[in-house]
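# Architecture at a glance
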There are 4 protein chains.
Amino acid sequence: MNNDGNASQARTGGRTARTGRTGVWFVGARGSVATTAVAGCAAVTAGLYPPTGMVTETPPFDGTGLPSLPSLVFGGHDTAHTPLAKRAEHLTEAGVLPHGLAPAVRAELQAADEEIRLGGPLAGDTRGDDELIADFAADLTSFRVRNALARVVVVNVSSTEPLPEPDAVRLPPSSLYAAAALRADCPYVNFTPSTGLRAPVLTGAADGLPHAGRDGKTGQTLLRAALAPMFVQRALEVRAWSGTNLLGGGDGAALAHPGAAAAKNAGKERVLTETLGHTPEGEVHIDDVPALGDWKTAWDHVAFEGFLGSRMILQTIWQGCDSALAAPLVLDLARLVARAHEAGLSGPLPELGFYFKDPDAGPSGLSEQFAELLSFADRLREAQ
Amino acid sequence: MNNDGNASQARTGGRTARTGRTGVWFVGARGSVATTAVAGCAAVTAGLYPPTGMVTETPPFDGTGLPSLPSLVFGGHDTAHTPLAKRAEHLTEAGVLPHGLAPAVRAELQAADEEIRLGGPLAGDTRGDDELIADFAADLTSFRVRNALARVVVVNVSSTEPLPEPDAVRLPPSSLYAAAALRADCPYVNFTPSTGLRAPVLTGAADGLPHAGRDGKTGQTLLRAALAPMFVQRALEVRAWSGTNLLGGGDGAALAHPGAAAAKNAGKERVLTETLGHTPEGEVHIDDVPALGDWKTAWDHVAFEGFLGSRMILQTIWQGCDSALAAPLVLDLARLVARAHEAGLSGPLPELGFYFKDPDAGPSGLSEQFAELLSFADRLREAQ
Amino acid sequence: MNNDGNASQARTGGRTARTGRTGVWFVGARGSVATTAVAGCAAVTAGLYPPTGMVTETPPFDGTGLPSLPSLVFGGHDTAHTPLAKRAEHLTEAGVLPHGLAPAVRAELQAADEEIRLGGPLAGDTRGDDELIADFAADLTSFRVRNALARVVVVNVSSTEPLPEPDAVRLPPSSLYAAAALRADCPYVNFTPSTGLRAPVLTGAADGLPHAGRDGKTGQTLLRAALAPMFVQRALEVRAWSGTNLLGGGDGAALAHPGAAAAKNAGKERVLTETLGHTPEGEVHIDDVPALGDWKTAWDHVAFEGFLGSRMILQTIWQGCDSALAAPLVLDLARLVARAHEAGLSGPLPELGFYFKDPDAGPSGLSEQFAELLSFADRLREAQ
Amino acid sequence: MNNDGNASQARTGGRTARTGRTGVWFVGARGSVATTAVAGCAAVTAGLYPPTGMVTETPPFDGTGLPSLPSLVFGGHDTAHTPLAKRAEHLTEAGVLPHGLAPAVRAELQAADEEIRLGGPLAGDTRGDDELIADFAADLTSFRVRNALARVVVVNVSSTEPLPEPDAVRLPPSSLYAAAALRADCPYVNFTPSTGLRAPVLTGAADGLPHAGRDGKTGQTLLRAALAPMFVQRALEVRAWSGTNLLGGGDGAALAHPGAAAAKNAGKERVLTETLGHTPEGEVHIDDVPALGDWKTAWDHVAFEGFLGSRMILQTIWQGCDSALAAPLVLDLARLVARAHEAGLSGPLPELGFYFKDPDAGPSGLSEQFAELLSFADRLREAQ
């Protein structure tokens, strides 16, 4: 175990800037993804684990001036109260975090814990939308000032909200947090399918800040983005693409609400429709199976037609740990959007579509999205 | 059923040249792939089926001057004697060709049948390598002259040969046919893992002709070429990639010979090693299961590691009809290589790596290979 | 093709009685299952195919006095009008019936077709429940008399009904047909999850006739009945059992109605609850995927716990043709229930639980159910 | 955590005898299975975990007089030297043993460790077969006397040996240990596919002692024994049954030797041949994939034929922890065979076929084997 600064600096090499610290503010800061991201950032910084799963730690990102992992300072909002160290223990028992990690990064978890503020609206909360936005923005500003941060990126990793009803009186919570980010002049990332910046009243409001979203692509949709282009490239006709997801963590429970599932599925369908040029038959199910904990299983069944009407089938089974898939991408996004802010970029960043199910724009195939991401890296490098 | 020339011309649109006829000479002309290609070309020409699975019939190939499907004239070598019409009946019973197709294209099958010549070396054949090459080349020249063909593309679709022994006295049959193609000035495509042009004595001999190979990518390796880049792009660490193929057609029986399986597996492994940058653990099995006939099942199991050492698994199951997957690609290749010849291109065509497990050069990821193919289409269009 | 009576008698051996003919009356007589049963009975009788899938044609049923296949006479109710010969052509194109079969058994399909009567209630039907029951019963009696049948077994193979609403004014159609069977003194089999005899008003009414049901076990539930006992026998703890069914035939469309799916799923869950002694986590989905036609795919995911809390997983994928699975069971049941009637048995026949998802009584494990079936065969043999 | 004797006695209830202690002597005592069995027995005794996976702890075994778990005393032979406590740590890191268990049962592991003696023949061992047998038997007798044990059951859980060559000069090691068990008057269990008692020279020698074997059924073959009867019961025709096993523990490495794999596969095939009445097409592969550690994945593909020649497919994927599956069965067998010895039974115990791939006799279907096991429990109960 090598924890000294020099070794860490040597390892992250020329990829990172040397000055200033960057805040990462999680909406849902006590959840599995945020806890894994905080613990994982500390573990990689300490040299306990290689940065597997972090695209920004691969050679194409050398010299792009991203904030270094040790320079990230974590905080966030949450309506829960469980201390991060306790959450990390639960995640260890659940097999998400490796044994021995939580004690090794206790100090970093504790530091982040002290920067978590109570979110909202709470049950019985009498504050109106504007008041909530103002309170959240004040938390952000205070975090930045108190820690002398160059900037703070707000990253939504909270549970998926139900789709907002058309005639809702107030903004959905994810949009309140997004509005607070804008008010506090913070770049924004929405890693969930919740509304966030896409509330009609926020249209255009984020033009002056870099932002990215929506809905991180960590399993079934990642696979679909890799596979669907194959059918198109080979001129094979996809007739039906069906899928079932089993998962048991907080996300499983949240998605058991039909409204939340609808939000999630909208993103899942998009990659097929855009890549194939039509929407094939088939449904997507998301089942809450508490016995599986944070481990997610996704089964996909693709019925396609080949030469002379021959009927063929591809099936895939993906068994992954949701938080371990999401956390490195969340760190990637925080670094990329922070650097974009530093480089003076603003508005949506469609080059980050590689990370999302429902991106703002850009190609739908994974390889094309990856090529866009590499171009973005070049752009950041040139902005040095 | 619409078989008149105008309709057909309308359908194949601007993709094809209008003048001259092109010969397609199959080594293994009585096999499943060749029979399906001949029957399928006729069926698509007649408007009985859409050209599903033929990449050269998609919009990016408009205006590239490829020989039209109706302009293709088929012949070939084989050591078997079953008439093509009979083979087509067998393939119908086996579920490879749709019912009703074989009778509808009987005339075209009969025409191709009359252009099939006896291959070799036969059991007890006393001809030496040179004599065989000369005989095969004479068959090719006679085919071209007799049918007044602009050119003849030789395409190897015969059963996989065992790996040649290092001290073998004579050339493997696939190389005899390849040498005959060169001698008769014919472009050459090797759709199998057999040696073909890659015999040391043939090195450089094909520099004056366009050629492409080796080993068509129709199932498990196609999938691997689509999926392996995903792991690299996401910085996930592939630990082991294991696979089993079940198939029962002639190919299954041929590959039950350990030597032939070794030839096949070499190609399968290459995509992983080149894409991942290392060779993961895991084996590939090819089992002869006659009960499955021409239907191939490939199971793949990928053990990979994510953030903080988390262990995850992807499994894929591909159930396809081997001949229906191969035949449209074989037609694609014959057209592309014929057009390359017309355009004056020569030597290996690495832009066709999209079609092969073991290409002459070029990228290993499917999307990158597809991009190369599209560039090749542009090059052909400009050569008009 | 050998269709003479002697050969057929030799083949079906000592399993069958020699005298009298037995009527089989299908509710849903123009559906896939009924069409396949009629065509298949003729094909097996003619020696065109072996009786694969018919349990009653295996040695344990020798000498049990079952009506022979050639002695079965088919008729039925349906609200559709497509002739059986036409339906058989459709099933051939869909890959359910083998090519060549429909023409070979055209006479038998035609004979059955002439015995199909219009079912109900039709749209705008003004007949009350009693009138409908009387009309249906008259059809049954007329069928028996006109064909001089020893008896007529009514078998419900129509599309799954939605679950009846608690305050429904009239009986569901399946119960109208069941009541008609009772009124016409006909034994009754319900191969669907519809209500049939289980309407409260019919309780006890069938005590004088043998009957069996409910909901034929042809795929996922068959597999569950074979596998669930393994976990119990090995003292392994099933935590979650999840499943998804994809199918596209008429059944797929019918089950897309949530009410019908609820009816179907109730039966599916029962085998787990009864075998495991508790209801594990997990849901069952039934998706209508028209591209799959009559071919059904069922994926099951079982999360179980072993020694020292180890977490393990079993997954199964079943790809079968629904009608080909159901038809031989339907013929089995018609023969068994007819013979039970001849032998003077009456009331529910729990020994037939082997065939059903939701049987009247008896064990839930498949092997135990099979043992019960063999005892029933002995009982029939002794009743000779 | 409750470790007092009363609680433990209450929990194991009436299933166990109260007096005398029983020795369990593992051949391969430092391997994964033995380590898991020793640690697990202690953990269940201490109330740390329920006895999941131990069939002998279920109600049907109440009152059968089996030795209680706390009364078992462990020892064994091994040629390796790693202390059990160290092995338990490795198994914890590998995810086989739960975190926290190894330290909690350190005393019991240490006690077993002190009873492990050096096995053989070692490299360069000059002892002949008789001398080795005598040495091993002396170790057994010493263990029994020193610990004042009522009896000692020898259980082979060592790595699979290559199939012995027909003209081998000496006995395979597994047979040396088996002969030693006989000489020391110890009942014997062979949980591996190695020769053990089945060496021709040992035929009949074990008639005076109860013994059971061969080759524990923990994964793919367990599943086959549960599923193959379903096809027979339903009169479905299995055409091909193919399988691939991936595993990376010591067993994976041992089975990478073709000889050992051949030994293992012989057992796997037997269940199909005996149940189906014929040997279907298809092969079984066992691949060493070190990345998977002790976690085993078995994929099976069953091609079967139904009514009217319809082609259907069942696939299964089993993902389990080999040692966690084997250890409770090994404890079961030690207890059952010890009790059989106490009850005066001798010779092969075919009623234990439930546990084995290649049993001495008895039915091949899992449910029939389970019924035999329950009868055996009754027999033991009556022998009280």
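Every chain is numbered independently, its residues counted from 1 as its sequence is written. A letter from A marks each chain and a number from 1 marks each ligand, given out in the order of writing. Since the coordinates come from a predicted model, pLDDT governs what is reported: local features require at least 70, and pairs of side-chain atoms require 80 or more to be given and counted, while whole-chain, interface and lining totals use all residues. Hydrogens and water are ignored here; the side-chain numbers use all heavy atoms of the structure.

Before going further, it helps to spend a moment on the environment of H285 of chain C. Locating H285 of chain C in the fold gives a position in strand β10 (residues 284–288). Exposure remark for H285 of chain C: the relative accessible area of 11% places this residue in the buried category. Taking the C-alpha atoms as reference points, H285 of chain C and N265 of chain C, 20 residues apart in sequence, are found 8.3 Å from one another. Once residues within four sequence positions are removed from consideration, H285 of chain C is found in contact with T244, H285 and D287 of chain A together with G243, T244 and N245 of chain C. One polar contact links H285 of chain C to H285 of chain A, side chain to side chain, over a distance of 3.3 Å. Helix and strand labels come from DSSP, where a helix needs a run of H or I of at least four residues and a strand needs a run of E of at least two; each type is numbered from the N terminus. The cut-offs for exposure are 20% and 50% of the maximum accessible area for each residue type, with area from a 1.4 Å probe on protein chains only; residues under the lower value are buried, those over the upper are exposed, and the others partly exposed. Here, two residues are considered to be in contact whenever any of their heavy atoms come within 4.5 Å of each other. In protein, a polar contact means a hydrogen-donor-capable atom and an acceptor-capable atom, both N or O and within 3.5 Å, with residues adjacent in sequence counting only if both atoms are side-chain atoms; elsewhere, any N or O pair within 3.5 Å suffices.

Relating the two copies of this chain is a rotation about some axis coupled with a shift parallel to it. When chain C is brought onto chain A, the operation consists of a screw motion whose angular component is 180° and whose axial shift is 0.0 Å, with 0.0 Å RMSD remaining. What the superposition gives is, in effect, a two-fold axis relating one chain to the other. Proximity to the rotation axis, assessed at the C-alpha, singles out T244 of chain C in chain C; its C-alpha lies 3.6 Å from the axis. Counting the interface residues of chain C, we find that 100% of their copies in chain A are interface residues as well, pointing to one common contact surface. The superposition of copies rests on a least-squares fit of C-alpha positions from residues with pLDDT of 70 or more in both.

This part is about the packing of helix α2 (residues 32–45) of chain C against helix α3 (residues 84–93) of chain C. All names here are of chain C. Contact geometry for α2 and α3: axes closest at 10 Å, N-to-C directions at 100°. For the element pair α2 / α3, the angle class is roughly perpendicular. Residues S32, T35 and T36 of α2 form the contact with α3, whose own contacting residues are L84, R87, A88 and L91. Three residue categories are used. Nonpolar comprises Ala, Val, Leu, Ile, Met, Phe, Trp, Tyr, Cys and Pro, charged comprises Asp, Glu, Lys and Arg, and polar comprises the others, including Gly. Across the contact of α2 with α3, the residue classes tally to three nonpolar, three polar and one charged. With axes taken as lines fitted to C-alpha atoms, and helix axes fitted only over the stretch in contact, angles between N-to-C directions fall between 0 and 180 degrees. Roughly parallel means an angle under 35 degrees; roughly antiparallel means over 145; roughly perpendicular covers 65 to 115; every other angle is labelled oblique.

Residues and elements named next belong to chain C. Contact pair α2 / helix α5 (residues 106–114): the axes reach a minimum separation of 9 Å and the direction vectors enclose 135°. As judged from the angle between their axes, α2 and α5 are oblique. In the packing of α2 onto α5, the handedness of the crossing is right-handed. Between α2 and α5, the contacting residues are T35, V38, A39 and A42 on the first element and E108, L109 and A112 on the second. For the contact of α2 with α5, a count of residues per class yields five nonpolar, one polar and one charged. Helix crossings are classified by the rotation of the near helix relative to the far one: an anticlockwise turn of less than a right angle makes the crossing left-handed, while a clockwise turn makes it right-handed.

All names here are of chain A. Each domain's extent is set by a domain assignment, obtained either automatically or from a database. In terms of domain boundaries, chain A breaks down into domain 1 (5–216 + 324–382) and domain 2 (220–321). Each of domain 1 and domain 2 was reduced to a C-alpha centroid, and the two centroids are 26 Å apart. In this assembly, 19 residues from domain 1 lie in contact with 24 residues from domain 2. Summed over both partners, the accessible area lost on bringing two parts together, with a 1.4 Å probe, is the buried area. Both sides together, the interface formed by domain 1 and domain 2 hides about 1800 Å², and carbon and sulfur atoms give 60% of it. When a carboxyl oxygen of Asp or Glu is within 4 Å of a side-chain nitrogen of Lys or Arg, the pair counts as a salt bridge. Between the two partners, domain 1 and domain 2, sit one salt bridge. The salt bridge involving R270 is made with D358; its shortest N-O contact spans 2.5 Å.

Time to look at the relation of the copies chain B and chain A. Structural alignment of chain B on chain A gives an RMSD of 0.0 Å, achieved by rotating through 180° and translating 0.0 Å along the axis. Both copies contact each other with a shared surface, as 98% of the interface residues of chain B are interface residues in chain A too.

The next thing to look at is the interface of chain B and chain A. Contact residues are listed per partner, giving 57 residues for chain B and 56 residues for chain A. When the buried area of chain B at its contact with chain A is split by residue, R234, F307 and L308 of chain B rank highest and sum to 22% of it. Where chain B meets chain A, there are zero salt bridges. Put simply, chain B and chain A have 13 residue pairs in polar contact (both at pLDDT 80 or more) between them. Taken together, the elements giving at least two residues each to the side of chain B that touches chain A come down to α2 (32–45), α8 (220–233), β11 (295–305), β12 (311–321), α11 (322–342) and α12 (366–382) of chain B.

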